[in-house]
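Residue-level structure breakdown
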Amino acid sequence: MENIGDRIKMILKELDGPERGKQTRLAELAGCTKALIGQLTRNPGQELGYQYAKNIEKNLGYRVDWILKGTLPKFANEQEFSKQETNDLDELIELTLLYRQATGAARIKLMKFARALDKVPTNLRKPITIDKSK
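Reading guide: rules and limits
Residues numbered from 1 in each chain as written. Predicted model: local features only at pLDDT ≥ 70, side-chain atom pairs only at ≥ 80, totals over all residues. Heavy atoms only, no water. Core = buried A, V, L, I, M, F, W, Y, C linked by side-chain atoms within 4.5 Å. Buried < 20%, exposed > 50% of the residue type's maximum accessible area, 1.4 Å probe, protein only. Helix = DSSP H or I, 4+ residues; strand = E, 2+ residues; numbered from the N terminus. Phe/Tyr/Trp six-rings, centres within 6.5 Å; stacked < 30°, edge-to-face > 60°. Salt bridge = Lys/Arg side-chain N within 4 Å of Asp/Glu carboxyl O.

**Section: the nonpolar core**
In terms of nonpolar packing, the biggest core is built from 20 residues, with Ile 8, Ile 11, Leu 26, Ile 37, Leu 48, Ile 56 and Ile 67 touching the most fellow members. Those elements that provide at least two residues to this core are α1 (4-14), α2 (23-30), α3 (34-42), α4 (50-60) and α5 (64-69).

**Looking at the packing of aromatic side chains**
Each aromatic ring pair is described using two quantities: the centre-to-centre distance and the angle formed by the ring planes. On inspection of all chains with the given rule, the structure shows 2 aromatic pairs. Taken together, a centroid distance of 5.6 Å and an interplanar angle of 25° make the contact between Tyr 62 and Trp 66 stacked. Plain terms: the ring middles of Tyr 62 and Phe 75 are 4.8 Å apart, the flat faces sit at 35° to each other, and that makes the pair tilted. With Tyr 62 in the loop between α4 and α5 and Phe 75 in the loop between α5 and α6 (78-101), this residue pair connects regions lying 13 residues apart in the sequence. According to the relative accessible area criterion, Phe 75 is partly exposed, its value standing at 41%.

**Focus on the environment of Asn 55**
Checked against the element boundaries, Asn 55 lands in helix α4. For the pair formed by Asn 55 and Glu 28, sequence separation is 27 residues and the distance between their alpha carbons is 9.5 Å.

**Topic: the pattern of salt bridges**
Within the structure shown, the criterion is met by 6 salt bridges. Across the salt bridge formed by Glu 14 and Lys 74, the nearest N and O atoms sit 2.8 Å from each other. You can see Glu 14 sitting in helix α1 and its partner Lys 74 sitting in the loop between α5 and α6, a full 60 residues away along the chain. Overall, the relative accessible area of 34% leaves Glu 14 in the partly exposed class. With a shortest N-O distance of 2.7 Å, Glu 57 and Lys 54 are connected by a salt bridge. Taken together, the residues Glu 57 and Lys 54, both in helix α4 and 3 residues apart, mark about one turn of the helix.

Function cannot be inferred from these measures alone, as they are strictly geometric.
Printed below as a string of structure tokens:
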């Protein structure tokens, strides 16, 4: 696979079921527009953003490095997925502990923050880092 357009075409061919070849479905899974997927298939010089490639990796299993650069292996292994799930779980545990320690107005602020995060599109979310030294 020489360029990203070829790799996107391959992913489209390998989609399961009636969604095989559908640019709309791949765009949904990547969190981008159908137009961008179309541009990628027609214009090998077009670039796909890292977060979109990360969404494809998360949803379909194709590695970000393979999608963006053609670097093998093509698929992410189980350890890569379990590591990401562990990081997500650790962040959730830390937020839960913060909530339990908070009282009154601080608890309300944490709840408002958590509800606001739910409204942020997944393709715009970034990992939360908490300074444990304090």
